[in-house]
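# Coordinates in review
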Amino acid sequence: MNIHEYQAKDILRANGIPVPPGEVATTADQAVAVAEQFGGTVVVKAQVHSGGRGKAGGVKLAATTAEVREHAENILGMTISGLTVEKILVTPAEDIDTEAYVGVLIDRKSQAATFMVSAEGGIDIEEVAHTNPDAIRKLTVDPRYGLMNHQAYWLANSLYENAGLAKQTAKIIRQLYAAFTSSGASMIEINPLITTKSGEVKAIDAKMSIDDSELFRHPELVEYRDLSAEPAAETKAREADLSYVKLDGNVGCCVNGAGLAMATMDLVKYYGGEPANFLDIGGSSNPEKVVSALEIITSDPNVKVILFNIFGGITRGDDVARGIVEATKRIDIKPPIVIRLTGTNEKEGLEILAEAGFTAFSSMDEVVEQAVKIVNAG
Amino acid sequence: MNIHEYQAKDILRANGIPVPPGEVATTADQAVAVAEQFGGTVVVKAQVHSGGRGKAGGVKLAATTAEVREHAENILGMTISGLTVEKILVTPAEDIDTEAYVGVLIDRKSQAATFMVSAEGGIDIEEVAHTNPDAIRKLTVDPRYGLMNHQAYWLANSLYENAGLAKQTAKIIRQLYAAFTSSGASMIEINPLITTKSGEVKAIDAKMSIDDSELFRHPELVEYRDLSAEPAAETKAREADLSYVKLDGNVGCCVNGAGLAMATMDLVKYYGGEPANFLDIGGSSNPEKVVSALEIITSDPNVKVILFNIFGGITRGDDVARGIVEATKRIDIKPPIVIRLTGTNEKEGLEILAEAGFTAFSSMDEVVEQAVKIVNAG
Amino acid sequence: MAIFVDEATRLVVQGITGRDGSFHTLQMMEYGTAVVAGVTPGKGGQTFEGLEGVGVPIFNSMDEAVAETGANASAVYVPPAFAAGAVEEAADAGVSLVVAITEGVPVQDMARAHAFARDRGARVLGPNCPGVISPGKAKVGIIPGNIVTPGPVGVISRSGTLTYEAVIHLTNAGIGQTTCVGIGGDPLIGTNFVDALEAFADDADTEAIVMIGEIGGTDEQEAAQWVSDHLEIPVVGFIAGQTAPPGRRMGHAGAIISGASGTAEEKMKAFEDNGISVAKRPADIAGLIQGVLSA
Amino acid sequence: MAIFVDEATRLVVQGITGRDGSFHTLQMMEYGTAVVAGVTPGKGGQTFEGLEGVGVPIFNSMDEAVAETGANASAVYVPPAFAAGAVEEAADAGVSLVVAITEGVPVQDMARAHAFARDRGARVLGPNCPGVISPGKAKVGIIPGNIVTPGPVGVISRSGTLTYEAVIHLTNAGIGQTTCVGIGGDPLIGTNFVDALEAFADDADTEAIVMIGEIGGTDEQEAAQWVSDHLEIPVVGFIAGQTAPPGRRMGHAGAIISGASGTAEEKMKAFEDNGISVAKRPADIAGLIQGVLSA
C-alpha cells in the first residue's frame, strides 16, 4: 500500500527524523492560510501516488500569498499519471545546500532490508543504478542483527565528508530503519535528503509503501489508505478479499490463482483480444466471492464478455458454478459469460451450470478463443 | 545493582506481566492503611536485598487489621542477613493453586540470556539445579534472534499441561524477556509464578539485578538504588568511582587492580591476618582517588593498619604517592601505613614518599608480612 | 528418484485442525504421504481422524511432534500472523523441509524466518506456495494428486493453478514428472529457481525441466544464467504476465513490475539467450518438452 | 613463535585520540608494535603523532582503516557505551583479532557483539582485559613492556595487575614468556581459558603455562578438565579471591561467587584434580614453573 508524502513524513517525524513542518490543504483558501502561518516562501506539492510530480507541474515554489493561491488552484484538480490531485502539501521552502538520496527496501535477492544511498540526490535511483552504479552505496541489513551503528556510519560517510553532517545522517539512517521495521514498510525513500547552508540535515520529500500483509498489525496505517486514489472497483475487490486490477480492454477475466489469471490475460492478447482486468478469486473461494467478482467485473462498462477460467485445486468447481448461477439471479449481467471449468468437483460444477443453461469448455485455449470471438463479433 | 521486590514488580507490571497490586509502607500505620484499602487477607513482606526472607520471619499473612499491625511492627526494624528492614510491601493474599519458578539471567558459558523454568516453584533454583536438574527446563536465547515465540511456548509447556495456562505463561515469558532487555538486567526471577484456582497466572514475588554497566542508559533505575541497604563507605566509594567491599578484618587494603586486590587479601590471610576490605583504586588513578580511598578505609574503625599494594601499569607510582602524601595532610590518619610500590614511575613515586617520610617495600610478600606483624603486635 | 519429498518423507502438518490444514491433510494422506503428526497449540493429546480410521496424533509443539514421531518435514497451514513463527519452530525442531503454504505472511517476518532456517540448515519452500508433489511417492501441500503422473520431467513454478495447467498438458500428453515444485509467489521465498534447479540437476531420473515464471524480480534471469552455466538437461520455460501493467501487484505479492525491472519480456529474453525454449501458451509446453525429450 | 600477536600484527587503535588510546598507542609503538592506523569518527584525515616523528593516519571508520592499511588486528579504547559497537565494527571490517580494553561495557551489548564476531570469524579478547603481549615481538593493550622477557612460558590470566605480579616473578627468575594473555574480568569474554590454552597447545615454543584465575563462573574448572584431556605440557595455576565473601562483586564484573558456585576453593580443587600445580602465593608461581620446566 502506497501512502502519501505527508503521511510518510508523519511516520518519519514520529521516529525522530528532522522533517520540516507542513500541512495538507484541499482548497486554495486553506493553502493560503497555511502558507501565511509559516510565513516566507513555501512549496506547494501535489499529493498523489506517483513519481514525477515535479515534471508534471505538481510542485511549485510560492513566495507570495498570491502565488500560493495561484499554484494551489492550478495543482488541485490537476491529473498526474491518471490520478486527480485532491490534496496539496504546503511546507516552508528550505535553504538547500546539497541533496542526497537515502532509501531502504526489501531486497528479494538478499532476502532482507537493503539500504541504498547516493550523494546524487533528487534522482531516480533505478536510473542511477543503471547508469552510474558506483554513485550508490548499498548495504543489506542482516535481519539477525538489525542495522548496526557502524553500518549507519558507513552509509552516511559515503554521503558527507563533513563529520557533523555524517553524524546527523547516521542517526537519521538508524531512525529510518526503525521507521521501516516498526511500520512494516516494504520501501521508504527520502529523496532528497538535504543539507542546509547552516549545516542541518533534513528529509524534505518521502515516499513509502507498507507491506499489505503487515496491515493487520497497524490499524493506524490502514487509515492512511487513500480511497480516492484508486478505482472504486478495486476498493470493493479488496473488501471482498479479491485481487483485482483494472485494465483498458473489454474481456472481463475471472480466474482462480494469480499465475493462471496473468496467463489468461496473456492468452486473451495472444488470440487478439484485450483483457479488461486481472482478477484472482483466490484459493478457498466460496459462492459469495464469485458473486462479488461478477459485480466488480460488470461495474466496468467496457466489458463485453466475461471469461471464467477455473482450474480447481483448493477451489471447488461446484462452489464457482453455484456462485455464477447465484450472481445471474441477483444481478442483471449484460455481457455473455463463457466458462472453462476443470479440476476439483468438476462434474458437480458442470451439472450445476448445465441446469442453469451454461455450457463449459474444458480447455483454456478454447474458452479464450471463444471470448475473443464474441467481442470481435460484437 | 540489586533492586527490591516492589521495584522489580513495577518493572514487570510496566511490561504487561500480571502482578497483584501492592504498596510500600515504612510504618505500621501506613501498612494498616494500605491493608484496609485492599481489604481481605494481605501479605506483609520485608523489602531487603536478601533471599530467605520467609525463613527469617520477614513474610507474614495477615487476616485482620490487628495482625497487619502486629506483623508490620515486628518486621520493620528486623535484621535479615545483616540488613535492617526499613520498608515493607503490603499486597493482597492470592488464592494459590500451583507455584512455579521462572528466571532469566546472563549465562557466562552460552554468552547469552538464559531462561530457567521449573514447575517446582518457591524453590531455590541453584538447589534444584544440583539435586534434581531434570526438574528445570533451560533455554539460551540467541542474541541474534531474541526470544522466539515457539521458545516461549517450549518453556511454558514444561510448566503446565493446561493449554490456557501455558498460553498465559508463554506471554509472560515474552514480557519477561522484554523487561530483561529493556531494563539492562543481569537477572530477573519470578519465584513463585502462581496459578490461581480461577485459572490465572500471576507473578507474586520477583527478584532483579540490573547490570551496573547499563545504568547510564537508565537514569530512572538509578533512582531505585537503596542507599540504606549498603554501608555508607560503599556509597562513598561508588561516588568516587572506586570498587570497595567492606569485610570484617583489620588490615585495610588499597590496591590497583581487582585481581591483585583479591590476591592481596588472600596473602593477608596467608600470613595470619584478616583483611578489612577489598579496595581497587582502578587503572587510571589520580591523586584525588587515592585520597578518597584513604578516607573510606579510615572510616572503618576496625582498621589497624593500612596496606598499599601498587603495581604500576596504567596506574603511575607518582600519582599514588602524591595521593598518599596529600591525604595525610588533609585527614587525620591514625593507623600506620605500609606501602609496596613498583612498576610505572616507581622511582618518582618512591622519591615523593621518601620526602614525606615513608619507606616502601618492593615485594608484595614483604609488605603484607609487615602489615600483619603490625596488627598482631598492636 | 525425486526431489524434496518421496517415500521417506514423514510429515507433520502445522495447523492440522484448521480449515485448510484438515482438508489437505486428508488429501495428502489419500495420495499416500506419510502424515505422522499434527501440531495445534492447545490441542496436544487429541487425535486427527485421518483416512480409513487412521488417527494422526496432535501435539502442542513441533519439538514434541518430531521427538515422538521422527518427522522430517512439515507443512505450514497456520494463519499469516503466526506462519513465520511456525516456520521458525519447525526449523528449530530439526525437520529438513518446511513447506509454507500460507499466503499473506508479513515480509519482514519471513526475512527473519528465512535467516533462521538457513542457520538451522532447513530448506523452506514458500511461503505462499502450492507445495511439492513427487508423483506416485508423496505430496506435501495442495497440488491436486490426480493431475500428475510419474515420469522424467521436473516442474518448477512460482504459481499454483498455472502449474496445474502446465502439468495437466504434460500428463495428457503422456509425459510424467519426477517432481513438481511450487516455489511460491512471495517476494522472499526460501527456495528459488536456482535452488530447485540444483536439486533437479542432482536427480538422475529428471531428464528435462519445465520452469514457469512470472513478472517481478530477477529470479528467472538468474536461473537462466545458471541453466546456461551448469545444467546439462534441457529446459522449457513459460512466463506469465506479458500483459500486466507496471507498478501494480498482480495477486502474488511478488508479481509486480518495478520501474522497468521484472517484465515478462526481459525474462523471456533471458530464457532465450540462455538456450531455454519459451512456450508462448501454456498449451505449448508439452509439445516443446516432447521435442527436447526426443531430441 | 607466539600466540595472537607477533611481528605480523598490523594494528588499528580504535579511539586513538582519547586519553587512554593515545597514551597506550605510544607505549605500544615504543614496544615495537606496528600501529598502522587509528580510528576516531570525525577525525578522519588527521594524523596521530607517534614516536620519533612517525605519524599514524587516522580514519573515520574501521573499514577505511583496514582498506587503506591492510590492518589485521585492532585494540578498542573507546568509552563503554560505544565499545561493543566498536568490536562489531572491527569484526565487520575483517580484522582477525579485536582486543577490547574498555571496562564497564554493558553485558547485553557484548552478548550481541560476541555473536557477531563469531559469525565474522574474528577473535575477541576481553572486554575489560589488559590485552596481550608476545615479548620481543608485539604488544596490543596495556601490559607493561618492561616486565616481560622472551622465553618458553605462556601466561593466561583474567586479571591485569595480578598478571604483572606473576610475570615479574618469572622474569626476575630468568624465565621468559612466549605470550602473556589477559582474557578479561567480565562475565562475557571473547576468549576464555580453554580458547587460549588451545592456542598455546598449537604453539611449539610454549613449554609450560601459567593460568591465573579468580572467583566467579566455572571457566577455570572447564579449563582444568581440558588440560587433563588434551594438553601435553605442564600447567601451574593460581586463583585469587579465597577470602572474598559470596554474593559481592570484587571489582571485576565477573568476579562474584553466586551461591555456592564459583569459589576459589572449588577452582583450586579442580586444578589439583586435573594435575595442575596450584601456587599458594603469586610469589610461588615462578618456583613451580621452574620445577615443571626442569622436570
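Being a predicted model, the structure only gives us computed values, none of them experimental. (Residues numbered from 1 in each chain as written. Chains lettered and ligands numbered in written order. Predicted model: local features only at pLDDT ≥ 70, side-chain atom pairs only at ≥ 80, totals over all residues. Heavy atoms only, no water.)

As a further point, take the overall build of chain A. If you tally the helices and strands in chain A, you get 13 helices and 19 strands. Dimensions of chain A, computed from C-alpha atoms along their principal axes, come out at roughly 80 × 50 × 40 Å. The 378 residues of chain A split such that 55% are buried. As presented, chain A carries roughly 15,300 Å² of accessible surface, and 48% of it is formed by carbon and sulfur atoms. On chain A, the mean spot of the 35 positive side-chain charges and the mean spot of the 52 negative ones are 2 Å from each other. (Helix = DSSP H or I, 4+ residues; strand = E, 2+ residues; numbered from the N terminus. Buried < 20%, exposed > 50% of the residue type's maximum accessible area, 1.4 Å probe, protein only. Areas by Shrake-Rupley, 256 points an atom, 1.4 Å probe, with all protein chains shown as cover. Lys, Arg positive; Asp, Glu negative; His and termini not counted. Charge placed at Lys NZ, Arg CZ, Asp CG, Glu CD.)

Right, let's get into the interface of chain B and chain D. Counting residues at the interface gives 48 residues for chain B and 60 residues for chain D. Together, the buried faces of chain B and chain D total about 4,000 Å²; carbon and sulfur atoms form 58% of this surface. On the chain B side of the contact with chain D, Arg108(B), Gln111(B) and Phe311(B) bury the most area, a combined 19% of that side's loss. At the junction of chain B and chain D, the tally comes to seven salt bridges. A salt bridge links Glu165(D) to Arg340(B), with the shortest nitrogen-to-oxygen separation between them at 2.7 Å. The interface formed by chain B and chain D includes 18 residue pairs in polar contact (both at pLDDT 80 or more). The biggest single contributor to the side of chain B that touches chain D is helix 9 (residues 258-270) of chain B, with 10 residues. (Contact = heavy atoms within 4.5 Å. Buried area = accessible area lost by both parts, 1.4 Å probe. Salt bridge = Lys/Arg side-chain N within 4 Å of Asp/Glu carboxyl O. Polar contact = N/O pair within 3.5 Å; in protein donor to acceptor, adjacent residues only side chain to side chain.)

The next point concerns the interface of chain A and chain C. Contacts between chain A and chain C engage 48 residues on the former and 60 residues on the latter. Together, the buried faces of chain A and chain C total about 4,000 Å²; carbon and sulfur atoms form 57% of this surface. The largest per-residue losses of area from chain A upon contact with chain C belong to Arg108(A), Gln111(A) and Phe311(A), which jointly make up 19% of the total buried on that side. The tally of links between chain A and chain C comes to seven salt bridges. Here Glu234(A) and Arg248(C) are joined by a salt bridge, their closest N and O atoms 2.6 Å apart. Scanning the region where chain A abuts chain C turns up 19 residue pairs in polar contact (both at pLDDT 80 or more).

Residue and element names in this part refer to chain A. Relative orientation of the contacting elements helix 11 (residues 317-330) and helix 12 (residues 346-355) amounts to 15°, with a least axis distance of 7 Å. Relative to helix 12, helix 11 is oriented roughly parallel. Note that helix 11 runs across helix 12; the crossing there is right-handed. The segment helix 11 lies against helix 12, with Gly 317, Asp 318, Ala 321, Arg 322, Ile 324 and Val 325 engaging Glu 348, Gly 349, Ile 352 and Leu 353. Broken down by class, the residue content of the contact of helix 11 with helix 12 amounts to five nonpolar, two polar and three charged. (Axes fitted to C-alpha atoms, helices over the stretch in contact; angles between N-to-C directions. Parallel < 35°, antiparallel > 145°, perpendicular 65-115°, else oblique. Left-handed = near helix turned anticlockwise from the far one by under 90°. Nonpolar A, V, L, I, M, F, W, Y, C, P; charged D, E, K, R; others polar.)

What follows is about the domain arrangement of chain C. All names here are of chain C. Parsing chain C into structural domains produces domain 1 (10-125) and domain 2 (143-294). Put simply, the middle of domain 1 and the middle of domain 2, counted by C-alpha atoms, are 26 Å apart. Facing eight residues of domain 1, the contacting portion of domain 2 comprises 11 residues. Buried area between domain 1 and domain 2, summed over both chains or domains, comes out near 840 Å², and the portion from carbon and sulfur atoms is 57%. Connecting domain 1 to domain 2 are zero salt bridges. Applying the counting criterion to the domain 1 and domain 2 interface returns three residue pairs in polar contact (both at pLDDT 80 or more). For the side of domain 1 that touches domain 2, the class distribution of residues is six nonpolar, one polar and one charged. (Domains from an automatic or database assignment.)

So, on to the pairing of strand 9 (residues 112-118) of chain A. Residues and elements named next belong to chain A. Among the seven residues that make up strand 9, seven are buried, leaving the element largely enclosed by the rest of the structure. Across seven bridges, strand 8 (residues 96-107) lies against strand 9 in antiparallel orientation. Opposite Val 104, over in strand 9, you have Phe 115 as the bridge partner. Counted between consecutive antiparallel strands, the loop separating strand 8 from strand 9 contains four residues, among which Gln 111 sits at a positive phi close to 55°. The pairing of strand 9 with strand 10 (residues 136-140) spans five bridges and is antiparallel. Bridging across to strand 10, Val 117 finds its partner in Arg 137. (Pairing = 2+ DSSP bridges.)

Here we come to the sheet that holds strand 4 (residues 59-62) of chain A. All names here are of chain A. The four strands lie next to each other as 2-7-3-4, forming an open sheet whose pairing is antiparallel. Pairing within the sheet leaves two strands with one partner each, and these edge strands are strand 2 (23-25) and strand 4. Here the average twist between neighbouring strands, direction ignored, is 25°. Examined bridge by bridge, strand 3 (residues 42-46) and strand 7 (residues 88-92) share five bridges and lie antiparallel to one another. Residue pairing for strand 7: Lys 45 is matched across the bridge by Leu 89. Along the sheet, helix 2 (residues 28-38) makes contact with strand 2, strand 3 and strand 7, crossing strand 7 at roughly 15°.

This part is about helix 13 (residues 364-377) of chain A. Compared with an ideal rise of 1.5 Å per residue, which puts 14 residues at 20 Å, helix 13 of chain A spans 20 Å between its outermost C-alpha atoms and is within 8% of the ideal. Met364(A), Asp365(A), Val367(A), Val368(A), Ala371(A), Val372(A) and Val375(A) are the residues of helix 13 of chain A that are buried. The secondary structure elements touched by the buried residues of helix 13 of chain A are strand 15 (251-255), helix 9 (258-270), strand 17 (305-312), strand 18 (337-343) and strand 19 (360-361) of chain A together with helix 5 (161-172) of chain C. For helix 13 of chain A, the side-chain oxygen to backbone nitrogen distance between the N-cap and Asp365(A) is 3.4 Å, and the N-cap itself is Ser363(A). (Expected span 1.5 Å × (residues − 1).)

Further remarks concern the pairing of strand 5 (residues 73-76) of chain D. Residues and elements named next belong to chain D. Here strand 5 shows two buried faces, one formed by Ala 73 and Ala 75 and the other by Ser 74 and Val 76. Pairing of strand 5 with strand 6 (residues 97-100) involves four bridges; the strand directions are parallel. In the sheet register, Ala 75 faces strand 6, and the bridge partner there is Val 99. In the classification by handedness, the crossover that spans strand 5, the intervening helix 3 (residues 80-93) and the parallel strand 6 is right-handed. (Right-handed = clockwise from strand over helix to strand, strands pointing away.)

Okay, the sheet that holds strand 7 (residues 88-92) of chain B next. Residues and elements named next belong to chain B. Read from one edge to the other, the open sheet built from four strands follows the order 2-7-3-4, with strand pairing classed as antiparallel. With one partner strand each, in any of the chains shown, strand 2 (23-25) and strand 4 (59-62) form the two edges of the open sheet. Each adjacent strand pair in this sheet contributes to an overall mean axis angle of 25°, direction not counted. Most of the contacts of helix 2 (residues 28-38) go to strand 7, to which it runs at about 15°, and overall it touches strand 2, strand 3 (42-46) and strand 7.

Following the criterion strictly, the structure yields eight aromatic pairs over all chains and no others. Ring centres of Tyr145(A) and Phe116(D) lie 4.9 Å apart, and the angle between their planes is 85°; on these two criteria the pair is classed as edge-to-face. One end of the pair, Tyr145(A), is in the loop between strand 10 and helix 5 (149-159); the other, Phe116(D), is in helix 4 (residues 107-120), on a second chain. Residue Tyr145(A) is classed as buried on the basis of its relative accessible area of 6%. Looking at Arg137(B), its charged tip hangs above the ring of Trp154(B), at a distance of 4.2 Å from the centre. Seen from the ring of Phe23(D), Arg316(B) lies directly overhead, with NZ or CZ sitting 4.9 Å from the centre. (Phe/Tyr/Trp six-rings, centres within 6.5 Å; stacked < 30°, edge-to-face > 60°. Lys NZ or Arg CZ within 6 Å of the ring centre and 35° of its normal.)

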